[in-house]
Amino acid sequence: MPLLQIQNPKEIKQKPPAIGIDLGTTHSLVACDINGQIQVIPDDKGHVLLPSVVRYLPKGDVLVGNEAKAHFAQDPHNTIVSVKRLMGRSPSDVLALPHSLDYQFVDTKASFCELVTIAGKVNPIEVSAQILKKLMKQAHHIDKDIHEAVITVPAYFDDAQRQATKDAARIAGIKVLRLLNEPTAAAIAYGLDRHAQGNCLIFDLGGGTFDVSLLQLSQGVFQVLATGGDTACGGDDIDHLIAHWALNQLNLSNQDIHYSEVVVKARVAKEDLTLQSSSIITLKDKQCTLTVSILNELITPLVNKTLAICQRVLKDAAVMISDIDHVVLVGGMTRTPFIREKVAQFFNQAPLTDIDPDKVVAIGAAISASILSGHRVDNNMLLLDVVPLSLGIEMMGGVVEKILMRNTPIPATATQTFTTSVDGQNGLSLHLVQGERELAKDCRSLAHFDLSGFPAMPAGKARIDVTFRIDTDGLLEIEAIEASGVKSKICVKPSYGLTDEAVTALIESSITNAEEDIANRKLYERMTEANQLLMSLDKALGTDSALLSSIKLEEIIQAKAALLQSLDSKDVKKINIALEALENKTQEFAELRLNTILSQALMGKSISDIENSLV
Ligand code: ADP
Ligand code: MG
């Protein structure tokens with residue numbers, strides 16, 4: 001006789017870590033929280049910055065990173081750089097960008113980008129997926145089971161660009177825990193989310209773009225007050241300025257030398273000048289010297305442009321320079337001392353630069369990944385990013401079946417299968433509760449909702465899948481579907497109205513009452529089990545008592561009376577003994593019934609009839 005029809009919650013295993021990925025225009029990198037320490041994960045040559053470059057070879061082979069970049073100058077059409085600029089965009093969007101690269105589009109009039117390469121047509125999502133796959137491979141050196149990640153995107157990315165990023169991740173076999181805005185990731189890396197409140201400005205000058213974001217922090221939650229930027233203002237533009245300057249100095253033109261080669265040399269010289277006062281550029285046996293003062297002069301208009309954009313962002317948000325608590329520098333270009341000085345002057349404060357500006361976004365993403373995957377607990381982010389209190393359903397006997405556990409990172413989904421407890425039941429009343437206690441009466445009642453109108457069936461026969469889905473905003477949707485297709489849905493906001501203190505109190509009460517709760521739970525579970533057995537037994541005796549000898553029938557009736565008596569005592573030990581005794585006494589009866597049903601089956605009944613009568 002099947003007794004307990006509710007499936008147990010799946011065991012929670014120790015999960016592999018989740019990683020943070022900065023999928024940049026110029027460089028991409030991956031970081032991971034390893035035993036509380038955030039580490040940027042290098043490739044097998046020890047490099048942590050992976051150039052966001054993918055090169056397609058004949059026969060479909062693909063190179064990613066430095067190997068791909070090495071041949072950019074010789075094989076530009078098959079070497080895709082800055083693919084981030086193409087994500088979720090049409091060729092006409094991309095061609096409208098100043099300095100758009102020499103992409104070869106399959107159809108410039110199409111609504112999405114597709115590029116021609118020697119290996120055939122490729123789209124930006126596939127190209128990005130190659131970069132992500134390479135980063136995943138690096139991460140797998142830490143743990144080969146890693147498959148979850150937080151991936152950062154610029155704050156200004158629209159839905160199409162965000163969706164394209166998610167699609168690339170899916171192709172790379174990555175489960176995206178969250179797309180996180182790059183400026184928010186940088187602020188998290190500096191631990192600014194731990195402050196109670198404040199304004200921080202993130203100044204991100206990368207390879208392709210300049211992005212500035214003004215964030216307001218309140219109770220551990222970042223709100224983007226304003227963003228600004230220029231999609232054609234970054235390190236690449238400085239490289240072009242230097243390349244033109246060098247060609248001019250040496251009296252060379254585009255005809256004399258491959259322009260992309262000049263750009264590569266210009267960039268090396270620019271990066272040298274972060275630590276040196278001059279650098280020599282050699283082109284076609286000719287040499288010129290780039291000095292810091294020439295560089296500063298070349299980049300002054302660009303730096304002024306970035307500061308004018310900052311000014312505009314502050315104005316948009318009606319925030320004054322004196323109201324800014326922190327300025328964070330992000331992006332490889334902010335290593336340039338001149339840029340640091342200018343930013344410090346403008347904001348009248350020293351910007352935060354302790355964390356390497358190339359790595360800060362990936363580090364913030366890794367911290368966020370660690371929290372979202374449940375490896376790191378951050379009280380400030382409790383209400384925002386995880387289920388603050390377990391969510392469950394009241395079962396027969398008032399016991400709570402927890403479906404989404406406390407501290408499960410959101411978004412999350414969990415499904416549990418339930419069944420009916422009474423014959424002919426064609427509806428179900430679900431009571432949603434929130435809390436850590438074992439009994440529904442001790443938890444917070446969230447909502448009641450009904451699922452009705454499914455075909456009446458014997459007890460235990462119906463299969464009702466109840467799915468809890470909680471989105472990033474903490475919105476909970478519960479859906480119940482019965483096997484016949486009848487369904488019902490309800491939405492609740494579970495953390496609504498719960499203060500931090502209330503959450504803490506509810507958790508504490510579960511700890512204080514844990515022992516008593518577990519004892520209560522055991523009792524209620526046993527009582528439910530006993531009631532189910534009694535119900536099934538009554539039904540079986542109603543139809544098949546003739547199968548039993550009068551002695552056996554009497555024994556069963558006595559054992560049944562003993563169980564009923566033990567239930568009144570509410571003593572779990574007594575109930576256990578009586579329950580076991582009745583189970584033993586009914587064992588033979590169950591076998592007899594089974595044999596009868598089987599022999600009836602042999603007389604022409606179908607297997608499904610047999611299955612139905614076995615319930
Ligand atoms: P993205 O976010 O666009 O991928 P990054 O943050 O990786 O960009 O920044 C890349 C830019 O930073 C490039 O233009 C690169 O030349 C520049 N850069 C990297 N290191 C230095 C350095 N030491 N000095 C100056 N510029 C640098
Ligand atoms: Mg970047």
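Structure shown above.
Caption draft 1: Main features of the overall build of the protein chain. Along its length, the protein chain carries 16 helices and 25 strands. The 615 residues of the protein chain split such that 49% are buried. Taking the contacts inside the protein chain whose residues are at least 6 apart along the sequence as the reference set, 64% of them involve residues at least 24 apart.

Caption draft 2: The arrangement of the environment of Val-268 in detail. Within the secondary structure, Val-268 sits in helix H7 (residues 259-272). Along the backbone, Val-268 and Ile-281 are 13 residues apart, and their C-alpha atoms lie at a distance of 8.7 Å.

Caption draft 3: Highlighting the pattern of salt bridges. Summed over all chains, the structure comprises 19 salt bridges. Notably, a salt bridge pairs Asp-93 with Arg-89, separated by 3.9 Å at the nearest N-O pair. Owing to a relative accessible area of 37%, Asp-93 belongs among the partly exposed residues under this scheme. In this structure, Glu-477 and Arg-469 form a salt bridge, with 2.6 Å as the shortest nitrogen-oxygen distance. Arg-469 sits in the partly exposed class, given a relative accessible area of 32%.

Caption draft 4: Expanded view of the sheet that holds strand E6 (residues 62-64). With antiparallel pairing, three strands are arranged side by side in an open sheet as E6-E5-E7. Of all strands in the sheet, those with a lone pairing partner are E6 and strand E7 (79-81), marking the two edges. With direction set aside, neighbouring strand axes in the sheet form an average angle of 20°. Where strand E5 (residues 53-56) lies against E6, three bridges are found, and the strand directions are antiparallel. Paired with Arg-55 across the two strands is Leu-63, which belongs to E6. The strands touched by helix H3 (residues 124-139) within the sheet are E5, E6 and E7, with E5 carrying the most contacts at an inclination of about 110°.

Caption draft 5: View of helix H8 (residues 292-317). End to end, H8 covers 35 Å across 26 residues, agreeing with the expected 38 Å (1.5 Å per residue, within 8%). In the structure, H8 departs most strongly from a straight axis at Thr-300, where the bend amounts to approximately 45° and where the proline Pro-301 lies between one and four residues downstream. For H8, the complete set of buried residues consists of Leu-295, Asn-296, Ile-299, Leu-302, Val-303, Thr-306, Leu-307, Ile-309, Cys-310, Val-313 and Leu-314.

Caption draft 6: Main features of the packing of aromatic side chains. Counted under the stated rule, the structure contains three aromatic pairs. Geometrically, the ring pair formed by Tyr-103 and Phe-105 is tilted, given 5.9 Å between the ring centres and 45° between the ring planes. Side by side, Tyr-103 and Phe-105 carry an identical accessibility label, which is buried. Arranged with centres 4.8 Å apart and planes meeting at 80°, the rings of Phe-346 and Phe-347 form a pair that is edge-to-face.

Caption draft 7: Up close: the site of ligand 1. Near ligand 1, the surroundings consist of 17 residues, among which Thr-26, His-27, Lys-270, Glu-271 and Thr-274 are the closest. Taking His-27, its side chain carries an N or O atom lying 2.8 Å from an oxygen atom of ligand 1. At 3.3 Å from a nitrogen atom of ligand 1 is found a side-chain nitrogen or oxygen belonging to Arg-335. When isolated, ligand 1 has an accessible area of 580 Å², and the protein chains bury 91% of it. Among the elements that line the shell around ligand 1, the one with the most residues is H7, at three residues. Residues belonging to the shell around ligand 1 are distributed by class as follows: one nonpolar, 12 polar and four charged.

Caption draft 8: Expanded view of the nonpolar core. Formed by 45 residues in total, the largest nonpolar core has its most connected members in Leu-201, Phe-203, Ile-281, Leu-283 and Phe-347. The element contributing the most residues to this core is H8, with nine residues. In this structure Leu-283 touches Ala-246, Leu-247, Leu-250, Leu-252, Ile-257, Val-262 and Lys-265, once residues within four positions along its chain are discounted. Counting 39 residues, the second largest nonpolar core, distinct from the first, contains Cys-113, Leu-135, Ile-146 and Ala-164.

Caption draft 9: Expanded view of the packing of helix H6 (residues 235-249) against H8. The geometry of H6 relative to H8 is characterised by a closest axis approach of 10 Å and an angle of 130° between their N-to-C directions. Classified by the angle between their axes, H6 and H8 sit oblique to one another. Pair H6 / H8 crosses with right-handed handedness. Side by side, H6 and H8 meet where Asp-237, Ile-238, Leu-241, Ile-242 and Trp-245 of the first sit next to Ile-294, Leu-295, Leu-298, Ile-299 and Leu-302 of the second.

The rules behind each value
- Residues numbered from 1 in each chain as written.
- Chains lettered and ligands numbered in written order.
- Predicted model: local features only at pLDDT ≥ 70, side-chain atom pairs only at ≥ 80, totals over all residues.
- Heavy atoms only, no water.
- Helix = DSSP H or I, 4+ residues; strand = E, 2+ residues; numbered from the N terminus.
- Buried < 20%, exposed > 50% of the residue type's maximum accessible area, 1.4 Å probe, protein only.
- Contact = heavy atoms within 4.5 Å.
- Salt bridge = Lys/Arg side-chain N within 4 Å of Asp/Glu carboxyl O.
- Pairing = 2+ DSSP bridges.
- Axes fitted to C-alpha atoms, helices over the stretch in contact; angles between N-to-C directions.
- Expected span 1.5 Å × (residues − 1).
- Bend = angle between axes of the 7 residues up to and from the residue.
- Phe/Tyr/Trp six-rings, centres within 6.5 Å; stacked < 30°, edge-to-face > 60°.
- Near = heavy atom within 4 Å.
- Polar contact = N/O pair within 3.5 Å; in protein donor to acceptor, adjacent residues only side chain to side chain.
- Areas by Shrake-Rupley, 256 points an atom, 1.4 Å probe, with all protein chains shown as cover.
- Nonpolar A, V, L, I, M, F, W, Y, C, P; charged D, E, K, R; others polar.
- Core = buried A, V, L, I, M, F, W, Y, C linked by side-chain atoms within 4.5 Å.
- Parallel < 35°, antiparallel > 145°, perpendicular 65-115°, else oblique.
- Left-handed = near helix turned anticlockwise from the far one by under 90°.

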